[in-house]
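The residues making up each chain are set out below.
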Amino acid sequence: MIGRPASQTIDGPAGLLEVVIEEPAHAPVGLAVIAHPHPLQGGTMDNKVVHTLCRAFVLAGWRAVRFNFRGVGQSEGGWDEGRGETTDMLTVIAHHLTDPALKGLPLALAGFSFGGYVAAQAHARLSEAAANRPELVAPKQLVLVSPATSRYEVPEVPAHTLVVEGEQDDVVPLASILDWARPQGLPITVVPGTGHFFHGKLTVLREVVLRHLRAAAV
């Protein structure tokens, strides 16, 4: 049976960070850290797409950790235009990787909208650091839902990245996602008949992510 979410606060670079941990039914196969949408536009770790991502990872056997960026909910500090928010995510990752139960297990990053931009930034920084220091953990999985390519310079991502976009997204238009993906030769999974927040299609989103994670584990 999947356990109840557990809340905690941890020390962050701008003060305390509010975190929620969700455990799978059995010993975790890895750690997944999920980032939420834009803090100045109502984005929090309680967003339904963030919950959906967490659920997919937990069903696939991962420990899922979501958190509030600085200045959101019980997290201290204030908006930092993505710079500090990326540091927040790196702090959450580093904190949870110290758990002996996760030693040697893979790391996955995920994010929705602005959180997708932050997750991609964190992925790039961790991968670069691990290339120079083999003792560090490089992410094995990256899942981005409607990453904010129309508003931020989202870095290039690995070919195995799962990117999911709503066909009718009017916040981050599909054309913007394709313009970002095209030079990378990166496939995009498009969910028909839904917009940025996947209203009516959250179950479809969960199943797309779950299938991806299960296929990657084979």
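The preceding data block contains the structure.
For the structure given in this document, a descriptive report is provided here. (Residues numbered from 1 in each chain as written. Predicted model: local features only at pLDDT ≥ 70, side-chain atom pairs only at ≥ 80, totals over all residues. Heavy atoms only, no water.)

Our focus in this paragraph is the overall build of the chain. Regarding its fold elements, the chain presents 5 helices and 8 strands. Put simply, the chain runs from its N terminus to its C terminus through helices and strands in the order β-β-β-α-β-α-β-α-β-β-α-β-α. A compact globule built from 218 residues would reach a C-alpha radius of gyration of about 17 Å, and the chain, at 16 Å, matches this within 12%. Projected onto its principal axes, the C-alpha coordinates of the chain cover approximately 40 × 40 × 40 Å. Across the 218 residues that make up the chain, the buried fraction comes to 50%. Pairs at least 24 apart in sequence give 69% of the contacts found in the chain among residues at least 6 apart. If you sum the accessible surface of the chain, you get close to 9,900 Å²; carbon and sulfur atoms cover 52% of it. Averaging the positions of the 17 positive and the 21 negative side-chain charges in the chain gives two centres separated by 7 Å. (Helix = DSSP H or I, 4+ residues; strand = E, 2+ residues; numbered from the N terminus. Rg over C-alpha atoms; globule rule 2.2 N^0.38 Å. Buried < 20%, exposed > 50% of the residue type's maximum accessible area, 1.4 Å probe, protein only. Contact = heavy atoms within 4.5 Å. Areas by Shrake-Rupley, 256 points an atom, 1.4 Å probe, with all protein chains shown as cover. Lys, Arg positive; Asp, Glu negative; His and termini not counted. Charge placed at Lys NZ, Arg CZ, Asp CG, Glu CD.)

Here we take up the nonpolar core. In terms of nonpolar packing, the biggest core is built from 38 residues, with Val33, Phe67, Met89, Val92, Leu109, Leu144 and Trp180 touching the most fellow members. For this core, the secondary-structure elements that each account for two or more residues are strand S2 (15-22), strand S3 (31-35), strand S4 (63-67), helix H2 (83-97), strand S5 (107-112), helix H3 (114-132), strand S6 (141-145) and helix H4 (174-181). At 7 residues, H3 tops the list of elements feeding residues into this core. Setting aside residues no more than four positions away along its own chain, Leu144 makes contact with Gly111, Gly116, Ala119, Ala120, Val157, Thr161, Leu162, Val163, Val164 and Trp180. Ile34, Trp62, Leu162 and Val191 belong to the second largest nonpolar core, which has 24 residues in total. (Core = buried A, V, L, I, M, F, W, Y, C linked by side-chain atoms within 4.5 Å.)

Turn by turn, an α-helix covers 3.6 residues, leaving residues three or four places apart pointing in a common direction. With 19 residues, H3 should reach 27 Å at 1.5 Å per residue; the first-to-last C-alpha distance of 28 Å fits that figure. Regarding H3, the residues found buried are Phe114, Gly115, Gly116, Tyr117, Val118, Ala119, Ala120, Ala122, His123, Leu126 and Ala130. On its buried face, H3 sits against S3, H2, S5 and S6. (Expected span 1.5 Å × (residues − 1).)

Packed helices, taken two at a time, are described by their axes: the angle between them and the distance between them. Following both chains from N to C, one finds helix H1 (residues 48-59) and helix H5 (residues 202-217) inclined at 35 degrees, their axes separated by 9 Å at the closest point. Here the hand of the crossing between H1 and H5 comes out right-handed. Two secondary-structure elements touch here, H1 through Lys48, Val49, Thr52, Leu53, Arg55, Ala56, Phe57 and Leu59 and H5 through Leu202, Leu205, Arg206, Val209, Leu210, Leu213 and Arg214. Residues that form the contact of H1 with H5 fall into these classes: 10 nonpolar, 1 polar and 4 charged. (Axes fitted to C-alpha atoms, helices over the stretch in contact; angles between N-to-C directions. Left-handed = near helix turned anticlockwise from the far one by under 90°. Nonpolar A, V, L, I, M, F, W, Y, C, P; charged D, E, K, R; others polar.)

What follows covers the packing of aromatic side chains. Going through the model one piece at a time under the given rule, you end up with 8 aromatic pairs. Measuring from centroid to centroid gives 5.9 Å for Phe112 and Phe197, while their planes differ by 75 degrees, and the two rings are edge-to-face. Pair noted here: Phe112 is in strand S5 and Phe197 is in the loop between strand S8 (189-191) and H5, with a separation of 85 residues, a long-range link. Accessibility expressed as a relative area gives 0% for Phe112, which makes it buried. For Phe197, a relative accessible area of 38% gives the class partly exposed. Here Phe114 and Tyr117 contribute two aromatic rings whose centre-to-centre distance is 6.0 Å and whose plane-to-plane angle is 45 degrees, an arrangement assigned as tilted. Within this pair, Phe114 and its partner Tyr117 are both found in helix H3, separated by 3 residues, close to a single helical turn. A relative accessible area of 10% means that Tyr117 is categorised as buried. Chaining the aromatic ring pairs together yields one cluster made of Phe67, Phe69, Trp79, Phe114, Tyr117 and Tyr152. (Phe/Tyr/Trp six-rings, centres within 6.5 Å; stacked < 30°, edge-to-face > 60°.)

In this section: the sheet that holds S4. Read across the open sheet, the 8 strands follow the order S1-S2-S4-S3-S5-S6-S7-S8; overall the sheet is mixed. Two strands lie at the open edges of the sheet, namely strand S1 (6-12) and S8, each paired on one side alone. Adjacent strand axes in the sheet meet at a mean angle of 20 degrees, parallel and antiparallel pairs treated alike. Strand direction decides the pairing type here: S1 and S2, joined by 7 bridges, are antiparallel. Residue pairing in the sheet places Gln8 in a bridge with Val19 of S2. In the packing of H2 onto the sheet, contacts are made with S1, S2, S3, S4 and S5, and the angle to S3 comes to roughly 160 degrees. (Pairing = 2+ DSSP bridges.)

Everything listed here is a matter of geometry and, on its own, says nothing about what the molecule does.
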